[in-house]
Number of protein chains: 2
Amino acid sequence: MCGAETTNHSTESNGFGGNLSLIDLDPGNPTVFEPYWRRMGDKCRVVIPGCELMSYKAATKPGKVCWFLLPELEDAIVRLHRLVGNAVVDDRYIVVGTGSTQLYQAALYALSTPASLKPINVVSAAPYYSCYPEETDYLCSRLYKWAGDANEYNANKSGPFIEVVNSPNNPNGSLRESVVKDCGQGKLIHDLAYYWPQFMPINRPADHDLMYFTFSKCTGHAGSRIGWALVKDREVAIKMTKYIELNSIGVSKDSQFRTAKIMELLCNEHKEFGLNSSNNFFEYGNRLMAQRWESLREAIGSSDLFSVPSFERQYCFFLGRPTKPYPAFAWLKCNEETEDCGSLLRRYNILGRNGKRFGADAKYLRLSMLSSDDVFEDFLDRLNAIRLFEE
Amino acid sequence: MCGAETTNHSTESNGFGGNLSLIDLDPGNPTVFEPYWRRMGDKCRVVIPGCELMSYKAATKPGKVCWFLLPELEDAIVRLHRLVGNAVVDDRYIVVGTGSTQLYQAALYALSTPASLKPINVVSAAPYYSCYPEETDYLCSRLYKWAGDANEYNANKSGPFIEVVNSPNNPNGSLRESVVKDCGQGKLIHDLAYYWPQFMPINRPADHDLMYFTFSKCTGHAGSRIGWALVKDREVAIKMTKYIELNSIGVSKDSQFRTAKIMELLCNEHKEFGLNSSNNFFEYGNRLMAQRWESLREAIGSSDLFSVPSFERQYCFFLGRPTKPYPAFAWLKCNEETEDCGSLLRRYNILGRNGKRFGADAKYLRLSMLSSDDVFEDFLDRLNAIRLFEE
């Protein structure tokens, strides 16, 4: 299973008698930011009259290729990236998608060649986002096929390829660059879903041929299913737009409108109050994620049972101060004696996503750091208890 | 090109000197209903607070398979179908999609077999909806492939197949049933986008294994990209849900919420005021479409140049009176001397969609009957002028 759904598991035998409530940290549902938006109240609500946003088309400006992109969303995307400094937006075509998931598939379609004799290989360096393989292969396309870990890929032997670079990387939080030595045969997709100041110090505006972002991770509005790609090449943008036209005749105007409104609010608040306000979303998000990571590291403490990656402090040009990466997921690793990290935690009714799903091994487990406060507190308590019981 | 986009054509030489404004009746953008929704004002506006609808998931009821379907949308869909009487909703699984376009592809995925040696054939009786072929083949799937006109399909020779039955049919407005003699090898998809009282007398609740509808045609809210399927078989509903999960991790919650609100309004208005009110959307829509068809038939008149299909009056159980079908498209046919209906109208800067795109010939042209009042009036005027000039 791929996306955000929950699986019900019964508690297996554990030291607590098996009556623990389920803590589901498998999906990355970003409910952590809900209290912020509740606090913002009426400022960020949207009102849509019944007679508005009824058309398939958007009143796009001349020269635009994405005919269903609302101009107010395009403006808001450009304004937000300029403010945050995380992506080059000049001379780019913007393509809106039903989340970054649809954009990933639009990119595969745009970068593959219908006339070629065999499917192009799609690779990403392990550990890679667990949904890439299934999203690539579920329709058994003759255009592209999943070919696994980019570290293992030999372009001399296996020919043309598309490499997906997810940076910061889901699941392990690392900053990434392409790894395949390409002999000029490779095309790149940059999935920058988590390159926002709450998760990662912004050290430069990303400047790639094809990169995409998602509203889900930017502000936590996953339910709106809005993503956007910044594309250098006009023909690639046209083909991505074509994919989305054939796949769903465009993207919800209601959600585009809401996204634009919320992005404009972020920018307006920043302009009016700057960083030194509890209303600054990214400053707030960064401090919240910092607290969570500190608490997690405390809970793991000097345990021999588990470890998580450590990160260096770097200067963030948006926040104007040094900060560490605080990834949206903890990439938990068990000690040498434990074969399967997921089984161990499942005994205590904590669900994560098995390392195998990411092209790694079962010693690893991905746990969401974006749950609600209550769930996160329960998780820390239970982690402490596991330590006491297992050590 | 498939969906709703517009192509710019320059005016070719014609009897009016080539300076006519473009009348684009190629896409089926349902702007005809906008004035109704404007008139309804605040009743049908939606308000979404910034902290709502943030999750990938929906709080679905136990036993439901579509984990991203908002319960309020499910309730509204059931209530609306019960009111209109156009589909059986008892003991059905409801799957929401990003428009019926995504549901069509979800259905192909659900009804095909990954393990089979070759793609299953997908057919529909010509003239068929012009987007089916490209929506079936653009990803060059090994699961399914477009195999053309269902009337020509021989299941004995060519084996298992999926037949898409679009009823009332786009482009020609006819009521349809499956046509392939199936020897038990066929699976059916019923695309019922236009089975609403403004377009077609409701003579019975549709009762098929897999049928879908779309908000675009039901009320004219095409920009929201909301469709829904009613599915008998649980496993098929699960596979369709899986497709939408892999394709876009669900469907915009904002649009689902708005759709639910507008459907509930339709039902509430009907409950309060009944049919004898100018506020009854379907009664209003039916009378509007009746006027448009009457005007079109007048404009074509006794012309030898063009003809459109004629339809019998039937009793509509929803409206409680006999009514004719008033399709969303006019399937215009030229006389014997004219080879290409589209070329003729393009000389007068009227754009339609060429009959060839529907598996028919160029004597036919599909023209939208759902344009705004202004555009429709211009179209009638120009049609009159063409008659005067060409005859």
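Going by the structure above, here's the rest.
A short tour of the structure in this document, coming up. Owing to the predicted nature of the structure, the values given are computational and were not obtained by experimental measurement. Per-chain numbering applies: the sequence of each chain, read as written, is numbered from 1 onward. The lettering of chains begins at A and the numbering of ligands begins at 1, in the order of writing. With the structure being a predicted model, the display of local features is reserved for residues of pLDDT at least 70 and the display and counting of side-chain atom pairs for 80 or more, all residues being used for whole-chain, interface and lining totals. Hydrogens and water are ignored here; the side-chain numbers use all heavy atoms of the structure.

### Notes on the overall build of chain A
Step number 1: Helices and strands together make up the secondary structure of chain A, namely 11 helices and 16 strands.
Step number 2: As defined in this context, the radius of gyration uses C-alpha atoms, and a globule is described by 2.2 Å times the residue total to the power 0.38. Its C-alpha radius of gyration of 21 Å places chain A within 12% of the 21 Å reference for a compact globule of 391 residues.
Step number 3: Summarising its shape, the C-alpha atoms of chain A cover approximately 65 × 55 × 40 Å along the three principal directions.
Step number 4: Buried residues are those whose accessible area, probed at 1.4 Å on protein chains only, stays under 20% of the maximum for their type, while exposed residues exceed 50% and partly exposed ones sit between those limits. Taken over 391 residues, chain A has a buried fraction of 62%.
Step number 5: For chain A, the proportion of contacts with a sequence separation of at least 24, taken over those separated by at least 6, is 73%.
Step number 6: Residue-level accessible areas treat just the shown protein chains as cover; the underlying method is Shrake-Rupley with a 1.4 Å probe. As presented, chain A carries roughly 14,600 Å² of accessible surface, and 47% of it is formed by carbon and sulfur atoms.
Step number 7: Asp and Glu count as negative and Lys and Arg as positive, but His and the ends of the chain are not part of the count. Lys charges are placed at NZ, Arg charges at CZ, Asp charges at CG and Glu charges at CD. Of the side-chain charges in chain A, 44 are positive and 47 negative, and the distance between the mean point of each set is 4 Å. Helix and strand assignments follow DSSP, with helices taken as H or I runs no shorter than four residues and strands as E runs no shorter than two, numbered in order from the N terminus. What makes two residues a contact is simply this: any of their non-hydrogen atoms within 4.5 Å.

### Observations regarding helix α11 (residues 373-390) of chain A
All names here are of chain A.
Step number 1: The end-to-end C-alpha distance of α11 is 25 Å, a good match for the 26 Å that 18 residues give at a rise of 1.5 Å each.
Step number 2: All of the buried residues along α11 are Phe376, Phe379, Leu380, Arg382, Leu383, Ala385 and Ile386.
Step number 3: Buried residues along α11 sit in contact with β1 (23-24), α9 (281-300), β10 (306-307), β14 (350-351) and β16 (364-368). What a helix should span is 1.5 Å times the count of its residues minus one.

### Re the nonpolar core
Step number 1: Joining through side-chain atoms within 4.5 Å is the link that ties buried Ala, Val, Leu, Ile, Met, Phe, Trp, Tyr and Cys residues into a set, and such a set is a nonpolar core. Core analysis: the largest hydrophobic core is formed by 252 residues, its most contacted members being Trp37, Met240 and Phe306 of chain A together with Trp37, Met240 and Phe306 of chain B.
Step number 2: In contact with Trp37 of chain A, not counting residues within four places along its chain, are Cys44, Thr219, His221, Ile262, Leu265, Leu266 and Phe281 of chain A together with Gly50, Cys51 and Met54 of chain B.

### Topic: the environment of Leu246 of chain A
Step number 1: Residue position: Leu246 of chain A is located in helix α7 (residues 234-248).
Step number 2: Residues Leu246 of chain A and Ala115 of chain A, spaced 131 residues apart in sequence, show a C-alpha to C-alpha distance of 19 Å.

### Describing the sheet that holds strand β9 (residues 226-231) of chain A
Residues and elements named next belong to chain A.
Step number 1: Strand order in the open sheet made by the 7 strands is β3-β9-β8-β7-β6-β4-β5, with mixed pairing throughout. Strands with a single pairing partner mark the edges of an open sheet, and in this sheet they are β3 (93-98) and β5 (144-149). The sheet shows a mean angle of 25° between the axes of neighbouring strands, direction not considered.
Step number 2: Sheet topology note: the strand β4 (residues 120-124)/strand β6 (residues 161-166) ladder contains 3 bridges and is parallel. When DSSP finds two or more bridges between a pair of strands, those strands are recorded as paired. Axis lines are fitted to C-alpha atoms, over the contacting stretch for helices. Their N-to-C directions set the angle, which ranges from 0 to 180 degrees.

### What about the interface of chain B and chain A?
Step number 1: Each partner contributes residues to the interface: chain B has 67 residues there, and chain A has 67 residues.
Step number 2: Salt bridge, as used here: a side-chain nitrogen of Lys or Arg that lies within 4 Å of a carboxyl oxygen of Asp or Glu. If you look at where chain B meets chain A, you find 4 salt bridges.
Step number 3: Among the ionic pairs, Arg258 of chain B bridges to Asp254 of chain A, the shortest N-O distance being 2.7 Å.
Step number 4: In the analysis that follows, any N or O atom pair within 3.5 Å is treated as a polar contact, provided that within protein one partner can donate a hydrogen and the other can accept it, and provided that, for residues neighboring in sequence, both atoms belong to side chains. The interface formed by chain B and chain A holds 48 residue pairs in polar contact (both at pLDDT 80 or more) in total.
Step number 5: Those elements giving two or more residues to the side of chain B that touches chain A turn out to be α1 (34-40), β2 (46-48), α3 (99-111), α4 (132-137), α6 (215-218), α7 (234-248) and α8 (253-273) of chain B.
Step number 6: Ten residues, namely Ala, Val, Leu, Ile, Met, Phe, Trp, Tyr, Cys and Pro, are considered nonpolar, four, namely Asp, Glu, Lys and Arg, are considered charged, and the remaining ones, Gly among them, are considered polar. A per-class count over the side of chain B that touches chain A returns 29 nonpolar, 22 polar and 16 charged.
Step number 7: As paired elements, strand β2 (residues 46-48) of chain A and β2 of chain B share 3 bridges and run antiparallel to each other. From the neighbouring strand, Val47 of chain A faces β2 of chain B, where its bridge partner is Val47 of chain B.

### As for the sheet that holds β16 of chain A
Residue and element names in this part refer to chain A.
Step number 1: If you trace the 4 strands from one edge of the open sheet to the other, you get β10-β13-β16-β15, paired in antiparallel fashion. Edge positions in the open sheet fall to β10 and β15 (353-354), since each of these has one partner strand only.
Step number 2: Of the pairings in the sheet, the one linking β10 to strand β13 (residues 329-334) comprises 2 bridges and is antiparallel in character. Paired with Ser307 across the two strands is Lys333, which belongs to β13.

### Examining the relation of the copies chain B and chain A
Applying a rotation about an axis and a shift along it to one chain copy brings it onto the other copy.
Step number 1: To line up the copies, we fit them by least squares on C-alpha atoms, keeping just the residues with pLDDT of at least 70 in both. With an RMSD of 0.0 Å, the operation that places chain B on chain A is a rotation of 180° combined with a shift of 0.0 Å along the axis. Viewed as a symmetry operation, the transformation between the two copies matches a two-fold axis.
Step number 2: In this assembly, 100% of the residues forming the interface of chain B have copies in chain A that are likewise at the interface, indicating an isologous arrangement.

### Here's the deal with the side chain of Gln105 of chain B
Step number 1: Examined against the element boundaries, Gln105 of chain B turns out to sit in helix α3.
Step number 2: For Gln105 of chain B, a relative accessible area of 1% translates into the label buried.
Step number 3: Among the polar contacts listed, one links the side chain of Gln105 of chain B to the side chain of Asn247 of chain A, at a separation of 3.3 Å.
Step number 4: With residues up to four places along the chain from it excluded, the contact list for Gln105 of chain B reads Leu246 and Asn247 of chain A together with Glu135, Tyr138 and Tyr243 of chain B.

### With respect to the environment of Gly186 of chain B
All names here are of chain B.
Step number 1: With respect to the helices and strands, Gly186 occurs in strand β7 (residues 186-191).
Step number 2: Relative accessible area serves as the criterion here: at 25%, Gly186 is assigned to the partly exposed category.
Step number 3: Along the backbone, Gly186 and Glu163 are 23 residues apart, and their C-alpha atoms lie at a distance of 7.0 Å.

### Observations regarding the pattern of salt bridges
Step number 1: The final tally for this structure, using the stated rule, is 34 salt bridges over all chains.
Step number 2: The partner of Arg287 of chain A in a salt bridge is Glu283 of chain A, with the nearest N and O atoms 2.7 Å apart. Of this pair, Arg287 of chain A and Glu283 of chain A both sit in helix α9, 4 residues apart, which is roughly one turn of the helix.
Step number 3: Relative accessible area serves as the criterion here: at 46%, Arg287 of chain A is assigned to the partly exposed category.
Step number 4: For the salt bridge of Arg92 of chain B with Asp207 of chain B, the shortest nitrogen-to-oxygen distance reads 2.3 Å. Taken as a pair, Arg92 of chain B in the loop between α2 (71-84) and β3 (93-98) and Asp207 of chain B in the loop between β7 and β8 (210-214) lie far apart in primary sequence, 115 residues in all.
Step number 5: By relative accessible area, Asp207 of chain B is classed as partly exposed at 42%.
Step number 6: Each of Arg92, Asp207, Asp209 and Lys232 of chain A takes part in one network of salt bridges that share partners.

### Considering the packing of aromatic side chains
Step number 1: Ring geometry is summarised as follows: Phe, Tyr and Trp rings, the Trp one being its six-membered ring, pair when their centres sit within 6.5 Å, and such pairs are stacked at plane angles under 30 degrees, edge-to-face over 60 and tilted between the two. Inspection of every chain in the model, using the stated rule, returns 54 aromatic pairs over all chains.
Step number 2: For the ring pair Tyr109 of chain A and Tyr243 of chain A, a centre distance of 5.7 Å and an interplane angle of 50° mean the geometry is tilted. Remark: Tyr243 of chain A occurs in helix α7 and Tyr109 of chain A occurs in helix α3 (residues 99-111); sequence separation between them is 134 residues.
Step number 3: On the accessibility criterion, Tyr109 of chain A (13% relative accessible area) is buried.
Step number 4: Ring geometry for Tyr243 of chain A and Tyr138 of chain B: centres 5.7 Å apart, planes at 50°, overall tilted. Of this pair, Tyr243 of chain A sits in helix α7 while Tyr138 of chain B sits in the loop between α4 and β5 (144-149), placing the two residues on different chains. Both residues of the pair, Tyr243 of chain A and Tyr138 of chain B, belong to the buried class.
Step number 5: The criterion is that NZ of a Lys, or CZ of an Arg, lies within 6 Å of the ring centre and within 35 degrees of the ring normal, and then a charge sits over that ring. Positioned above the aromatic ring of Tyr109 of chain A, the side-chain terminus of Lys239 of chain A is 5.7 Å from the ring centre.

### Some thoughts on the packing of α7 of chain A against α3 of chain B
Step number 1: With their axes 6 Å apart at the nearest point, α7 of chain A and α3 of chain B run at an angle of 80° to one another. On the basis of their axis angle, the class for α7 of chain A and α3 of chain B is roughly perpendicular. Taking contact as the criterion, the partners of Leu246, Asn247 and Ser248 of chain A in α7 of chain A are, on α3 of chain B, Thr101, Gln102 and Gln105 of chain B.
Step number 2: By residue class, the composition of the contact of α7 of chain A with α3 of chain B is 1 nonpolar, 5 polar and no charged. For classification purposes, angles smaller than 35 degrees are called roughly parallel, those larger than 145 roughly antiparallel, those between 65 and 115 roughly perpendicular, and all remaining angles oblique.

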